[in-house]
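Here is how the chains run, residue by residue.
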Amino acid sequence: MRNCRQLLTHSLTQQRCYSIKNKHSFAFSIPVISPQNPSLQSHIRVKRSVLAHLLQLRVADSSERVSGSNQVHAQIIVSGLESDTFLSNVLLKNYSIGNDLVGARKLFDRMSERNMISWSSLVSMYTQHGYSREAFLVFIWFLKGSNGRPDDYILSSVLCACGQLREDNAGEQIHSFVTKSGFDRDAYVGTSLMNFYAKNGSIDEAKLVFDGLVVKTAVTWTTIITGYVKSGRSDVLLNLFNQMKEIDIVYDKYLLSSVLSACSMLKFVKGGKQIHAYVLRRGMEMDVSVVNVLIDFYAKCARVKKARRIFDEIKVQNIVSWTTMIAGYMQNSFDREAMKLFTEMTRFGWKPDDFACSSVLTSCGSVEALEQGRQVHAYSIKVNLESDNFVKNCLVDMYANCDSLTDARGVFDIMAGRNVVSYNAMMEGYSKQEKLSQALDLFHEMRLGFVPPGLLTFVSLLGLSSSVFSLELSKQLHGLIFKYGFFIDVFVGSALIDAYSKCSSIKDARLVFNEMNEKDIAVWNAMLLGYTQQLENEEALKLCLELQLSRQRPNEFTFATLITAASNLASLKPGQQFHNHLLKMGLHFDPFVVSALIDMYAKCGSFEDAYKTFGSTIWKDVACWNSMIFSNAHHGEPKKALLLFKEMTKEGLKPNYVTFVGVLSACSHAGLIEDGLCHFESMAGFGIEPGIEHYASVVSLLGRAGKLYEARDFIEKMPIKPAAAVWRSLLNACRIFGNVELGRYAAEMAISTDPMDSSSYTLLSNIFAYNSMWADVKTVRKIMDLDGVMKEPGYSWIEVNN
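To keep things clear, this report deals only with the structure shown in the data block.

Each value, and the rule that gives it
Throughout, residues of each chain are indexed from 1 in the direction in which the sequence is written. With the structure being a predicted model, the display of local features is reserved for residues of pLDDT at least 70 and the display and counting of side-chain atom pairs for 80 or more, all residues being used for whole-chain, interface and lining totals. As a convention, hydrogens and water are excluded, and side-chain values are obtained from all of the structure's heavy atoms. The helix and strand labels rest on DSSP assignments: H or I over at least four residues marks a helix, E over at least two residues marks a strand, and numbering proceeds from the N terminus. Each residue gets one of three labels from its accessible area relative to the maximum for its type: buried under 20%, exposed over 50%, partly exposed in between, using a 1.4 Å probe on protein chains only. When checking whether two residues touch, look at their non-hydrogen atoms; a contact exists if any pair is within 4.5 Å. Here the accessible surface of atoms and residues is derived via Shrake-Rupley with a 1.4 Å probe, and residues count as covered only by protein chains that are part of the display. Like-charged residues within 9 Å of one another, or nonpolar side chains (Val, Leu, Ile, Met, Phe, Trp, Tyr) within 5 Å, are grouped into patches, provided each residue has over 30% relative accessible area and no salt bridge. A side-chain nitrogen of Lys or Arg and a carboxyl oxygen of Asp or Glu constitute a salt bridge if their distance falls within 4 Å. Any helix carries an expected span of 1.5 Å times its number of residues minus one. Directions from the helix axis toward the C-beta atoms define the arc. In this text, buried Ala, Val, Leu, Ile, Met, Phe, Trp, Tyr and Cys residues form a nonpolar core when linked through side-chain atoms within 4.5 Å. Between N-to-C directions, angles span 0 to 180 degrees; the directions come from axes that are lines fitted to C-alpha atoms, helices contributing only their stretch in contact. Any angle from 65 to 115 degrees is called roughly perpendicular, while one under 35 is roughly parallel, one over 145 is roughly antiparallel, and all others are oblique. Put simply, a crossing is left-handed when the front helix is turned counterclockwise from the back one by less than a right angle, and right-handed when it is turned clockwise. When residues are grouped by polarity, Ala, Val, Leu, Ile, Met, Phe, Trp, Tyr, Cys and Pro land in nonpolar, Asp, Glu, Lys and Arg in charged, and all others, Gly among them, in polar. Two rings from Phe, Tyr or Trp (for Trp, the six-membered ring) form a pair when their centres are within 6.5 Å of each other. A pair whose planes differ by under 30 degrees is stacked, one over 60 is edge-to-face, and the rest are tilted. Definition used: whenever NZ (Lys) or CZ (Arg) falls within 6 Å of the ring centre and also within 35 degrees of the ring normal, the charge is taken to sit over that ring.

## Concerning the overall build of the protein chain
Right, on to step 1. Looking only at helices and strands, the protein chain features 45 helices and 0 strands.
Right, on to step 2. Burial status across the protein chain gives 48% buried among its 802 residues.
Right, on to step 3. Sequence separation of at least 24 residues holds for 62% of the intrachain contacts in the protein chain that already meet a minimum separation of 6.
Right, on to step 4. Carbon and sulfur atoms provide 54% of the accessible area of the protein chain, an area that totals close to 40900 Å².

## Quick word on a nonpolar patch on the surface
Right, on to step 1. Among the surface-exposed residues, F589, I618 and W619 lie close enough to one another that they form a single nonpolar patch of about 410 Å² accessible area.
Right, on to step 2. With respect to the element layout, F589 can be found in the loop between α33 (572–585) and α34 (591–603).
Right, on to step 3. Using a relative accessible area of 44% as the deciding quantity, one classes F589 as partly exposed.

## Focus: helix α21 (residues 370–382)
Right, on to step 1. End to end, α21 covers 18 Å across 13 residues, agreeing with the expected 18 Å (1.5 Å per residue, within 8%).
Right, on to step 2. Considered for burial, the residues of α21 that qualify are G373, V376, H377, Y379 and S380. Take α21 and look down its axis: the buried residues cluster within an arc of 160°, on one side only. With respect to the buried face of α21, the exposed residues turned more than 90 degrees away are Q375 and K382.
Right, on to step 3. Packing partners of the buried residues in α21 comprise α19 (335–347), α20 (354–366), α22 (389–401) and α23 (405–413).
Right, on to step 4. Immediately beyond the C-terminal end of α21, within one or two residues, lies N384, with a positive phi of roughly 60°.

## Some remarks on the environment of L255
Right, on to step 1. With respect to the helices, strands and loops of the structure, L255 is situated in helix α14 (residues 253–266).
Right, on to step 2. Expressed as a C-alpha distance, the spacing of L255 and I225, which sit 30 residues apart in the sequence, is 7.5 Å.
Right, on to step 3. When neighbours within four sequence positions are excluded, L255 is seen to be in contact with W221, T222, I225 and M244.

## Looking at the nonpolar core
Right, on to step 1. Ranked by internal contacts, the top residues of the largest apolar core, which has 212 residues, are I224, I497, I563 and L730.
Right, on to step 2. With 8 residues, helix α16 (residues 288–300) is the largest single contributor of residues to this core.
Right, on to step 3. If we skip the residues at most four places from it in the chain, I497 touches A509, V512, F513, M516, V523, A526 and M527.

## As for unusual backbone geometry
Right, on to step 1. Even without glycine at this site, S504 takes up a positive phi of about 65°.
Right, on to step 2. Looking at the element boundaries, S504 is found in the loop between α28 (490–502) and α29 (506–515).
Right, on to step 3. Judged by its relative accessible area of 54%, S504 falls in the exposed class.
Right, on to step 4. Non-glycine residue L535 carries a positive phi angle of around 60°.
Right, on to step 5. Among the secondary structure elements, L535 is positioned in the loop between α30 (521–533) and α31 (537–549).

## Here we look at the packing of helix α27 (residues 471–483) against α28
Right, on to step 1. Their axes nearest at 10 Å, the elements α27 and α28 cross at an angle of 155°. When the axis of α27 is compared with that of α28, the two are roughly antiparallel. Here the hand of the crossing between α27 and α28 comes out left-handed. Of the residues in α28, those touching α27 at L471, S474, K475, H478 and I481 are V492, L496, A499 and Y500.
Right, on to step 2. For the contact of α27 with α28, a count of residues per class yields 6 nonpolar, 2 polar and 1 charged.

## Focus: the packing of aromatic side chains
Right, on to step 1. On inspection of all chains with the given rule, the structure shows 22 aromatic pairs.
Right, on to step 2. Each ring, one from F458 and one from Y484, has its centre 6.1 Å from the other, and the planes form 50°; the classification is tilted. Note that F458 is positioned in helix α26 (residues 455–467) and Y484 in the loop between α27 and α28, a separation of 26 residues in sequence.
Right, on to step 3. The exposure class of Y484 is partly exposed, given its relative accessible area of 32%.
Right, on to step 4. For the pair F614 and W625, a centre-to-centre distance of 5.0 Å together with 85° between the ring planes defines the contact as edge-to-face. You can see F614 sitting in helix α35 (residues 607–616) and its partner W625 sitting in helix α36 (residues 622–634), a full 11 residues away along the chain.
Right, on to step 5. By relative accessible area, which is 8% here, F614 ends up buried.
Right, on to step 6. One residue, R347, lies across the ring of F348, its end atom 5.6 Å from the ring centre.
Right, on to step 7. In this structure, K519 is placed above the aromatic ring of F513, and the distance from its NZ or CZ to the ring centre is 4.9 Å.

## A look at the pattern of salt bridges
Side chains that carry opposite charge are capable of pairing whenever their charged atoms lie near each other.
Right, on to step 1. If you walk through the whole model with that rule in mind, you get 14 salt bridges.
Right, on to step 2. The partner of K300 in a salt bridge is D296, and the shortest N-O contact between them spans 3.2 Å. Placement of the pair is K300 and D296 together in helix α16, with a separation of 4 residues, close to one helical turn.

Below, the structure written as structure tokens:
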């Protein structure tokens, strides 16, 4: 006994020396006891205990753990305890924790005796480190070479490995073995089986396993609920949660978080509120992780104020709380609030992570807050977040949205690992500014760099091709979409329809529309808008009948487009029907729709309904006022149009570019030269730069008053190049007053600017005809024939049987 006490004292002294003097290495020695010692067995037990104790010492650093384990392993061999299964199992665990899988496998292969813990440890080690196939092969080896019966731990580990392998066949084989072994009703193994099926997308099989379990733990419930969340079957999940409330299960934070995530996906506000109330009613202590999920739930369900109230009530916030709230503001377009909260976060000493920076950069881009975006960029460099690709992509997007393409390209060029998101963000920036060549160069570089384009790549490029009206490019992109094997989904389909429509290829647009198996309301809207833009208004109304037979619910954009089609046809009855539908659906308050309705009633000659619609609108935006001003200006009520303009400015609304086109047109029709010129001069005070339409209106104003030469001088002093429309305004005035000389000059200027427009030739021909200059009339028509200019024929229509 004296020798045993000496050994223990020596070992404990060595341990104390290790912990105090050298905490970076295992420095110890175990005295070797001679076999002649009469107390050999007792001494061996003491050595075994000491060695096991040393192996179980906690060491944070993995390399130190492996080094220490190697030293203890050496002492085990020297002490003749290499065949001790218990010590070998503890060593296996240490090698696994220290990430030394090679050392663990060598030890396992040398073991003279292996028990269930040995096999379980090796299978678990391979599974935990992602070597799923090795884990599965070890389990098969165990079944063939061992007489032992598998336990729940090894079965759970191998099922986890099968889940990582994503091989249904392997998992189903293990399932069969589990059933034969009688573990199919074990809660631990059953939960692993459920997890395997859920990860492989077989949630129905997971539910069958769940239903077969006699005992269901909180972990079991959490697993099946999480599986339904990941599979998108959140409706079933909530039914499960209601069943769970009827039995005595302790709700943990993981379970509550899973159910709240399901409510977020479904936008099921009532369900989330019930869970929130349940937690409060039970007096459960709110874990900060559950509170963060609650914030996320309310934010995703557009209850931002409620989310902020919960955020403010948190006693101890963490980095996730701040990041979730900032992301919630950003997702709901409360971009100013997101930026403000980000500033508060840094002021209180928190260090925003990559998620917070990405969210606030998106908000900066949305409101074009370039300076704040630069500050976040500087912060990301300071805390070494700039290397994060997610942050870099958001930086490119932010700079592009702020029209700072030089900065966007600067960030893009220094990116080490560019992906499809990086290229999309940069191309979207070029698309916004209609820089076709730069966007296509980048697309070419992307393909050469073996970065496969995504659907959003093509959506961005199609938007660019439609903005520059390039039919050839649209067709090439359409071909590439098929070449890359992409299915025409709702986003790409809408973009293709829009591109073909704007490029005046409405038949191709309809072919794309017809070929799409799935159509959401955005696709229908794109096709309706395409018909309206190309003045195929009757086709738009026919398509509306097809829409009514589909399951899609029209929205305010649908009705605005259809009302525009009715106004283009000057057809009152369909317009009134659309108005009735709007009233039934509660969409008649939308300012965009109201503007379309006013325009439709005015064009159909129903001014009483136009005024009634305008007067019944609670909130009138600039577009509503513009519609009324235009309607009066173009339908013989210019003075009313000018009175409306005065009312609009009195109510504090700032007129825009379109407003002044209407005002100047009203002055032109009323012959109010001084007022018209005053309004033209006042545009600069509102920060509006005059455009072609404004100059043409002033020329028309002067021309209608007979001041033809003043109108000519006004055109020649324009700071921008006069368009053909400006010269045609003067030409029309010359036609009214029969001024041949100036009319000939105006016609020459208009034709030189737009040689294929027939209206200039027609106006000049009418001037000659009015003055009986028939030879000149004949000459004009001959020039038109030689140049291939076709006079657009006039047409009219009547409505018969709808």
